[in-house]
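# Overview (structure and organization)
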Amino acid sequence: MPFQVEEISAKTLKLEFSGRLDVDSISEIWGLCLAAVAKRHPENLEIDVKEVNYCDSAGVALLQALHEIQIKDEHSVVIKGSRSDLDAALVVKENVLPLKKIIPKESLANVFLENLGARAFSVCKDLRGNIVFLGSLAYQIYFVFLNPHKFRWRDFWCSMEDVGPRALPIIALIGFLIGLISTFQAAPSFGQFGAQILMVNLVGLGLVREMGPLLTAVLLAGRTASAFAAEIGTMKINQEVNALLTMGLNPVRFLVTPRILATMLITPILEAFLIFFGLVGCYAVMHSLGYSLEAFLNQIYQSVKPLDYLGGLIKTFVFGWVIAGIGCLHGLKTTFDAQSVGRSTTQAVVSSLIMLVLVDGIFALLYYVLDI
Amino acid sequence: MSETPIIQVQNVTTGYGKKKVLSEVSFDVYPGEVFMITGVSGCGKTTLLNSMISLLEVISGDIFLDGSSIVKANEKERLAILRKIGVLYQSGALFGSMSLLENVSLPLKELTALPIDAIQRIAHNKLKMVNLDEFSHYMPASASGGMQKRTAIARAMALDPKILFLDEPSAGLDPSTSVELDQIIKNLSKNLGITFVIVSHDLSSIYNIGQRVIFLHDGRVMAEGKPEDLRKHKDPAVYRFFNREPVS
């Protein structure tokens, strides 16, 4: 074993190392060595490395650990017989891990209270930020209505193109599949009662009142909210948002308003497409069951009233506003670290989905009370 | 050089959350001066600049730009002060969806009631000052780093500011482009009397254009003076920095 323990006096302990202090030898003696010192709590510790002929970073780490035990106990430590190469190794290590007095850890209760306070402060700060954003947004939309020439029309049309036509293929596909699958799944049950034509009512009403607005919004949350958060987040990292601020321009008017208005206006159109393709899917199944197009359209006409569509339409405006608003808000909240854009994007999607369900619930309650 | 400072930084302490980055920093900048802020990485140069342009709240102390406190200003006053300054960010911060000309025109379009032909003429003139007029139709993505930086300077000058803040103007540029940028700064200072506050750790640039410089170390002003004087400074940290010697 490359070390010996010797009690020189009641207060002084000597550790004598010899041979190689490398990863192999240290892994054997690490625990023994530290235990020898920790058990005795010597006031003076002498570490003799005169006979050491090789010391790697594991050896330095052991010497540091011994040093730290002594410092923690406010006792002394002396390294004797050190050579220049070992000194150099210790100095290098000291620079990496300074041997300083260890600050005692705070009690758990203090840490808990501090964390709780910090968390509460962060939540309040976040809430304040959201309220300021909403206020600023409301004012900027009002400003844009009063000063349409100050509106970023080009950004508005670009956002509209991004949110609308480019999302159309996925909207059409999902709408068609939802209509087709819903009808297909309902067919056996309705067939038992000879009421398969009523599947049109089920799918039609379901699409117009609930599935259409909600599915469109969910697809946009995944596609648009994340895109807005990433776009604005990247602009923040590239200091473009700071450039606007120091030019005295409001980032909410410049970056957020065109995106929100574009999304609010395009979402109902996308919803109409989703409903249309959903009904096409529904008709595909009905046709295979032997129903004519006239019968299908007549059933739709009888079951779906304009008020049903209007109820869904109002929801889509609000959903569009929520999705774009949350996406932009998280973009503006992006910080300057490497992961922040990814974090903002994820948060934008998650927050949008939660808010969509919440807003949909509020609408359901409202429509129930109003008997719509 | 005039006796009344155009910028006064008085005992400014600032930081991020609990972490203090700058402590009791004070200095004055005079009209028409090319004033450099330097120091090793992480010493608080950009933090100081952000405080001066009101992107970062100060914990204590005050900052006066052209006689008005930007720390105590309300929103309206703050916007009025910002009209007197221009900022060049390290990345250039050009808007990718706009051409170089549109980038320079932006502050004029948004903050003035000038007709579009006047705006175009001013923007072209500003681009001429940075030798970029013939590239005005370029999009930022197709412009080189040097061109982006020069466009950003032209944009920062769009509203004829009294003070231009430049954050690491030579970062990411090759030496000859960097010298070209220095020459543009020199000319603008000489011909238009603009005051420049430049954050940089590019020593060749500091010696080339800096009239006065402060050296920040651990969030404090460790030395202040002419670049050549700081080369002979008694403090070893300052001496080593200005003579390109290793820190230890």
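Predicted, not measured: the structure shown is a model, and the values here were computed from it. (Residues numbered from 1 in each chain as written. Chains lettered and ligands numbered in written order. Predicted model: local features only at pLDDT ≥ 70, side-chain atom pairs only at ≥ 80, totals over all residues. Heavy atoms only, no water.)

This next bit is on the overall build of chain A. The helix and strand tally for chain A stands at 12 helices and 4 strands. Each of the 372 residues in chain A was classed as buried or not, and the buried ones make up 42%. Of all intrachain contacts in chain A linking residues separated by at least 6 positions in sequence, the fraction that spans at least 24 positions is 82%. A total of about 19700 Å² of accessible surface is found on chain A, and carbon and sulfur atoms cover 67% of it. (Helix = DSSP H or I, 4+ residues; strand = E, 2+ residues; numbered from the N terminus. Buried < 20%, exposed > 50% of the residue type's maximum accessible area, 1.4 Å probe, protein only. Contact = heavy atoms within 4.5 Å. Areas by Shrake-Rupley, 256 points an atom, 1.4 Å probe, with all protein chains shown as cover.)

Turning to the interface of chain B and chain A, a few remarks are in order. Tallying the contact residues gives 24 residues for chain B and 19 residues for chain A. For the chain B and chain A pair, buried surface summed over both sides reaches about 1700 Å², with 55% attributable to carbon and sulfur atoms. It is Y89(B), F95(B) and E110(B) in chain B that bury the most area against chain A; as a group they hold 33% of the surface buried on that side. Inspection of the chain B/chain A interface yields 3 salt bridges. Mapped by element, the contributors of at least two residues to the side of chain B that touches chain A are α2 (75-82) and α3 (100-111) of chain B. With 6 residues, α3(B) is the single largest residue contributor to the side of chain B that touches chain A. (Buried area = accessible area lost by both parts, 1.4 Å probe. Salt bridge = Lys/Arg side-chain N within 4 Å of Asp/Glu carboxyl O.)

Moving on to the packing of aromatic side chains. Taken as a whole and assessed by the stated rule, the structure comprises 16 aromatic pairs over all chains. Residue placement shows R259(A) over the ring face of F228(A); its charged tip is 5.8 Å from the ring centre. One cation-aromatic arrangement involves R231(B) over Y207(B); the distance from NZ or CZ to the ring centre is 4.4 Å. (Phe/Tyr/Trp six-rings, centres within 6.5 Å; stacked < 30°, edge-to-face > 60°. Lys NZ or Arg CZ within 6 Å of the ring centre and 35° of its normal.)

Next up on the list: the sheet that holds strand β3 (residues 34-39) of chain B. Residues and elements named next belong to chain B. Strand order across the open sheet formed by 6 strands is β6-β7-β8-β3-β9-β10, with mixed pairing between neighbours. Pairing within the sheet leaves two strands with one partner each, and these edge strands are β6 (85-88) and β10 (220-225). Taking the axes of each pair of neighbouring strands and ignoring which way they run, one obtains an average angle of 15 degrees across the sheet. Strand direction decides the pairing type here: strand β9 (residues 212-217) and β10, joined by 5 bridges, are antiparallel. Its bridge partner being in β10, F215 is matched across the sheet by A223. Sitting on the sheet, helix α5 (residues 145-156) touches β6 and β7 (163-167), and the angle it makes with β6 is about 165 degrees. (Pairing = 2+ DSSP bridges. Axes fitted to C-alpha atoms, helices over the stretch in contact; angles between N-to-C directions.)

Okay, the side chain of K149(B) next. All names here are of chain B. Relative to the helices and strands, K149 is located in helix α5. Buried and unpaired, K149 has E168 as its nearest opposite-charge partner, separated by 7.9 Å. Discounting residues that sit within four places of it in the chain, K149 has contacts with L88, Y89, Q90, G92, E168, P169, S170, A171, L173 and L181. (Lys, Arg positive; Asp, Glu negative; His and termini not counted.)

Quick look at the sheet that holds strand β2 (residues 12-21) of chain A now. All names here are of chain A. The 4 strands are arranged β1-β2-β3-β4 in an open sheet whose pairing can be described as mixed. Bordering the open sheet on either side are β1 (3-7) and β4 (76-80), each of which pairs with just one other strand. Neighbour-to-neighbour, the strand axes of the sheet open up by a mean angle of 15 degrees, direction not taken into account. One ladder, built from 5 bridges, connects β1 with β2; its direction is antiparallel. Its bridge partner being in β2, E6 is matched across the sheet by K14. Where helix α1 (residues 23-40) meets the sheet, it contacts β1, β2 and β3 (44-55), and its direction lies at approximately 175 degrees from that of β2. Seen against the sheet, helix α2 (residues 57-72) touches β2, β3 and β4 and runs at an angle of roughly 175 degrees to β3.

All names here are of chain A. A cluster of nonpolar residues, L365, L366, Y368, V369 and L370, forms a patch on the protein surface that exposes about 600 Å² of accessible area. Locating L365 in the fold gives a position in helix α12 (residues 340-370). Residue L365 is classed as exposed on the basis of its relative accessible area, which comes to 58%. (Patch = residues over 30% accessible without salt bridge, like charges linked within 9 Å, V, L, I, M, F, W, Y side chains within 5 Å.)

Residues and elements named next belong to chain A. It is at 10 Å that the axes of helix α4 (residues 108-146) and helix α9 (residues 251-288) come closest, and there the two elements cross at 80 degrees. Between α4 and α9, the angle is such that the two are roughly perpendicular. Where α4 abuts α9, its residues F133, S136, L137, Q140, I141, F143 and V144 lie against V252, R253, V256, T257, I260 and L261. Residue composition of the contact of α4 with α9, grouped by class: 9 nonpolar, 3 polar and 1 charged. (Parallel < 35°, antiparallel > 145°, perpendicular 65-115°, else oblique. Nonpolar A, V, L, I, M, F, W, Y, C, P; charged D, E, K, R; others polar.)

Side chains of nonpolar character tend, in soluble globular proteins, to be buried together. Counting 97 residues, the largest nonpolar core has I7(B), F27(B), I37(B), M52(B) and F165(B) as its most contacted members. When neighbours within four sequence positions are excluded, M52(B) is seen to be in contact with I7(B), V9(B), F27(B), I37(B), I63(B), L65(B), I70(B), F165(B) and V197(B). (Core = buried A, V, L, I, M, F, W, Y, C linked by side-chain atoms within 4.5 Å.)

Take the pairing of β2(A) next. Residues and elements named next belong to chain A. Here β1 folds back onto β2 in antiparallel fashion, the turn holding 4 residues. As paired strands, β2 and β3 are joined by 9 bridges and run parallel to one another. Along β3, the bridge assignment pairs T12 with N44. Regarding the hand of the β-α-β motif, the stretch spanning β2, α1 and β3 is right-handed. (Right-handed = clockwise from strand over helix to strand, strands pointing away.)

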